[in-house]
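# Overview (structure and organization)
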Amino acid sequence: MVTVSITEKAAEKIKEKLGDRDLALKLIYETDGCAVSGIPTLKFEKTQKAANDELVIETNKMPLLIEKSKLVYLDSELEIDFSDDSHTFQLTSPNEILNGRMSLLD
């Protein structure tokens, strides 16, 4: 199972972009036809419920949807942060930077 923590700065930026909308936060992992590498991205979803192929991960700040089939590409311990320098989110693990310039899509 994967554990995800969200830094205070990232949580602030997510809530700022979310506003008063009732949307769920989802971590997607786009492989675009190549199963070897992919691009992790954050996205707002209209439903708070997990689909059959999704899990709800309870983070330290807010629930996060993740597709079950994409868990094989992710480390078991992840952190979502926000960089003031690049104005983007970052997805890291103790072993690597999975995406140093991660977008949050509406």
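Provided above is the structure to which this section pertains.
If you're wondering where the values come from, they're calculated on a predicted model, not measured in any experiment. (Residues numbered from 1 in each chain as written. Predicted model: local features only at pLDDT ≥ 70, side-chain atom pairs only at ≥ 80, totals over all residues. Heavy atoms only, no water.)

### Looking at the pairing of strand β2 (residues 24-30)
Most of β2 sits out of view: six of its seven residues are buried. Pairing analysis gives seven bridges linking β2 to strand β3 (residues 39-45), with the strands arranged antiparallel. Bridge pairing in β3 links tyrosine 29 to proline 40. Sheet topology note: the β2/strand β5 (residues 63-67) ladder contains three bridges and is parallel. Paired with lysine 26 across the bridge in β5 is leucine 65. (Buried < 20%, exposed > 50% of the residue type's maximum accessible area, 1.4 Å probe, protein only. Helix = DSSP H or I, 4+ residues; strand = E, 2+ residues; numbered from the N terminus. Pairing = 2+ DSSP bridges.)

### Points about the nonpolar core
Counting residues in hydrophobic clusters, the biggest one holds 25 residues, and the most contacted among them are Leu27, Leu42, Ile80 and Phe89. No other element matches the four residues that helix α1 (residues 8-18) contributes to this core. With residues up to four places along the chain from it excluded, the contact list for isoleucine 80 reads Val4, Ser5, Ile6, Thr7, Ala10, Leu42, Leu64, Phe89, Gln90, Leu91 and Met102. (Core = buried A, V, L, I, M, F, W, Y, C linked by side-chain atoms within 4.5 Å. Contact = heavy atoms within 4.5 Å.)

### Section: the sheet that holds β3
Within a beta sheet, neighbouring strands are joined by backbone hydrogen bonds and run either parallel or antiparallel to one another. What the five strands build is an open sheet, ordered β4-β5-β2-β3-β9; its pairing is mixed. Unpaired on one side and paired on the other, β4 (54-58) and β9 (104-105) mark the two borders of the sheet. Pairing between β3 and β9: two bridges, direction parallel. Following the sheet pairing, lysine 43 is matched in β9 by leucine 105. Sitting on the sheet, α1 touches β2, β3 and β9, and the angle it makes with β3 is about 45 degrees. (Axes fitted to C-alpha atoms, helices over the stretch in contact; angles between N-to-C directions.)

Interpretation note: all reported values are geometric properties and have no functional meaning in isolation.
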